[in-house]
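Spelled out from the first residue to the last, the chains are:
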Amino acid sequence: MEPSVVSGTAQDPSGARFAFIGLSNTPTDWAGVLRALGGDLADAPAPRAAGALTTGGPSEAGAWENSPAAPHARRGTAGPPRMRTTPPSVLGLNAYLMYAAGKAARRRLSERLGARGLRLWHLTVLAMVADLGPQPKGVLASRLDMNASDLAKIVGDLAKAGHVECVRRTGDRRRVDVRLTPEGRSALDDLNADIARADDELMAPLGPAERDQLSSLLRRVHAHLELTRANVVHEGTGHVPAAPVADVVRPRSPEDGRIDWTRPAPEIEALVRRRRGEHPTAYTHHRGRRLELLSAEVSADRYPGRPGLVLPHEPEGVVIVTGPESPRQDDHGLVVHLLRTEDGQEVAAGDYFGTPGTVLRTGG
């Protein structure tokens, strides 16, 4: 027996149409097959033998002509009622519901951003600068937990669009801040209004009181995730955290969070990055007070001097000398962007160290 073949178009439960080809060694009710798969047969010719120009035998044609979907296909109307595709058991899983709702929300948000040539990271950076005011790129990257080079690209995109500008700080020409322009403020206001309309679409089944309650609950969950750093997702950055380096990046007790400035800069940078958001955060001491380092990177240049020495500002931070003290060898330093003081205040390193030349202590 030659195999029977049928081809045509069908639609899935969401209404999207797709092409299909069916192949069988026995007479087959293709409409029944598609119904079992959750699709509706929209348009298909009678089955035929493989390689033949004529239709297949009477039994094969009859299976198609007598199937429940055949009249709908001839009239071009909808087929059987669409089948529910969500397994009932997963509707009791909050994680699944948040994922499904979040996926729909992200699609709507991406559409509105894409219409303006923007992505989610562009919106996030615009909002951060609008909410907290002008700030260096290094501080921005730290607050958003974003790779510094990726942040620089996003800022570059926004600057080309006229939404932000990079300006040198008055009184300290070595500091460069990212600042929102009037055009950027207007664009952000328009975008927020458009996103609010998307919110209305998503929340259509809920009344005003229910929407307020849901927003309150979502903010509580978000705050919990932000505290535990479980929400860190880099959108398309390709950034992969570096592998652990020696014991300095694997604290075993609170004391192991202390920075030893005689260690190489890459080890200290790894410690700062891996301990951020955990206890203890990487820390040092300055004038008898504890300082936590929240954001840092290895310097491009090499610097001489005593380990722990704070040197004049680079454009977006201060440089601290690292590595064993040696008159014959200069090591890369650590460019520090963001600090936390003993009273819990986060401050840019360039603002905290007003006078270069001080020395940070490894000891307590």
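Residues numbered from 1 in each chain as written. Predicted model: local features only at pLDDT ≥ 70, side-chain atom pairs only at ≥ 80, totals over all residues. Heavy atoms only, no water.

### Some remarks on the environment of Y96
Here is step 1: Mapped onto the secondary structure, Y96 falls in helix 4 (residues 94-114).
Here is step 2: Non-local contacts of Y96, meaning those with residues more than four positions away in its chain, are made with T86 and V90. (Helix = DSSP H or I, 4+ residues; strand = E, 2+ residues; numbered from the N terminus. Contact = heavy atoms within 4.5 Å.)

### Re the pattern of salt bridges
Here is step 1: Enumeration according to the criterion identifies 14 salt bridges in this entry.
Here is step 2: Between E292 and R290 there is a salt bridge, and its shortest N-O distance comes to 4.0 Å.
Here is step 3: On the basis of relative accessible area, E292 is assigned to the buried category, the value being 15%.
Here is step 4: For R290, a relative accessible area of 25% puts it in the partly exposed group.
Here is step 5: A salt bridge links E346 to R340, with the shortest nitrogen-to-oxygen separation between them at 3.5 Å. (Salt bridge = Lys/Arg side-chain N within 4 Å of Asp/Glu carboxyl O. Buried < 20%, exposed > 50% of the residue type's maximum accessible area, 1.4 Å probe, protein only.)

### What about the confidence of the model for the protein chain?
Here is step 1: For the protein chain, the average pLDDT comes to 74, and 67% of its residues sit at 70 or higher.
Here is step 2: By mean pLDDT, helix 2 (residues 58-65) is the weakest element of the protein chain at 43, and helix 8 (residues 182-202) is the strongest at 92.
Here is step 3: Here residues 44-78 is a poorly scored stretch, pLDDT under 50, and it has 54 contacts once near neighbours within four places are set aside; other chains count.
Here is step 4: Overall, residues 229-252 carries pLDDT values under 50, and its contacts beyond four positions in sequence, including any with other chains, amount to 40 contacts. (pLDDT = per-residue confidence, 0-100.)

### Description of the environment of L293
Here is step 1: With respect to the helices, strands and loops of the structure, L293 is situated in strand 8 (residues 289-303).
Here is step 2: For the pair formed by L293 and R340, sequence separation is 47 residues and the distance between their alpha carbons is 6.5 Å.
Here is step 3: Ignoring sequence-local partners within four residues, the contact set of L293 consists of I259, W261, V272, T281, A282, T284, L334, V336, L338 and L339.

### What to know about the nonpolar core
Here is step 1: L123, V125, L140, L144, L151, L158 and V164 are the most contacted members of the largest nonpolar core, which has 24 residues in total.
Here is step 2: Looking at which element gives the most residues to this core, the answer is helix 5 (residues 120-132), with seven residues.
Here is step 3: If we ignore the near neighbours within four places in the chain, the residues touching L123 are L109, L113, L188, L191, N192 and I195.
Here is step 4: Of all hydrophobic cores here, the second largest spans 18 residues; its members include I268, L291, A296 and A349. (Core = buried A, V, L, I, M, F, W, Y, C linked by side-chain atoms within 4.5 Å.)

### So, the pairing of strand 11 (residues 331-340)
Here is step 1: Among the ten residues that make up strand 11, eight are buried, leaving the element largely enclosed by the rest of the structure.
Here is step 2: Sheet topology note: the strand 8/strand 11 ladder contains eight bridges and is antiparallel. Bridge pairing in strand 11 places A296 opposite V336.
Here is step 3: Sheet topology places strand 11 next to strand 12 (residues 346-348); three bridges connect them, and they run antiparallel. When the sheet's bridge partners are listed, L338 is paired in strand 12 with A348.
Here is step 4: In textbook terms, the turn of a hairpin is the stretch between consecutive antiparallel strands, and for strand 11 and strand 12 this stretch comprises five residues, one of which, G344, has a positive phi near 85 degrees. (Pairing = 2+ DSSP bridges.)

### Thoughts on the side chain of H286
Here is step 1: With respect to the element layout, H286 can be found in strand 7 (residues 283-286).
Here is step 2: Engagement of the side chain of H286 in a polar contact is seen with the side chain of Y352, the distance being 3.3 Å. (Polar contact = N/O pair within 3.5 Å; in protein donor to acceptor, adjacent residues only side chain to side chain.)

### Looking at the side chain of S299
Here is step 1: The topology assignment puts S299 in strand 8.
Here is step 2: A distance of 2.8 Å separates a polar side-chain atom of S299 from the backbone nitrogen of G333.

### Focus: the packing of helix 4 against helix 8
Here is step 1: The interhelical angle for the contact between helix 4 and helix 8, taken along N-to-C directions, is 150 degrees, at an axis separation of 10 Å. By the angle between their axes, helix 4 is roughly antiparallel relative to helix 8. Our pair here, helix 4 against helix 8, has a crossing hand that is right-handed. Of the residues in helix 8, those touching helix 4 at A104, A105, R108, L109, R112 and L113 are L191, D194, I195, A198, E201 and L202.
Here is step 2: Of the residues that constitute the contact of helix 4 with helix 8, the class distribution is eight nonpolar, no polar and four charged. (Axes fitted to C-alpha atoms, helices over the stretch in contact; angles between N-to-C directions. Parallel < 35°, antiparallel > 145°, perpendicular 65-115°, else oblique. Left-handed = near helix turned anticlockwise from the far one by under 90°. Nonpolar A, V, L, I, M, F, W, Y, C, P; charged D, E, K, R; others polar.)

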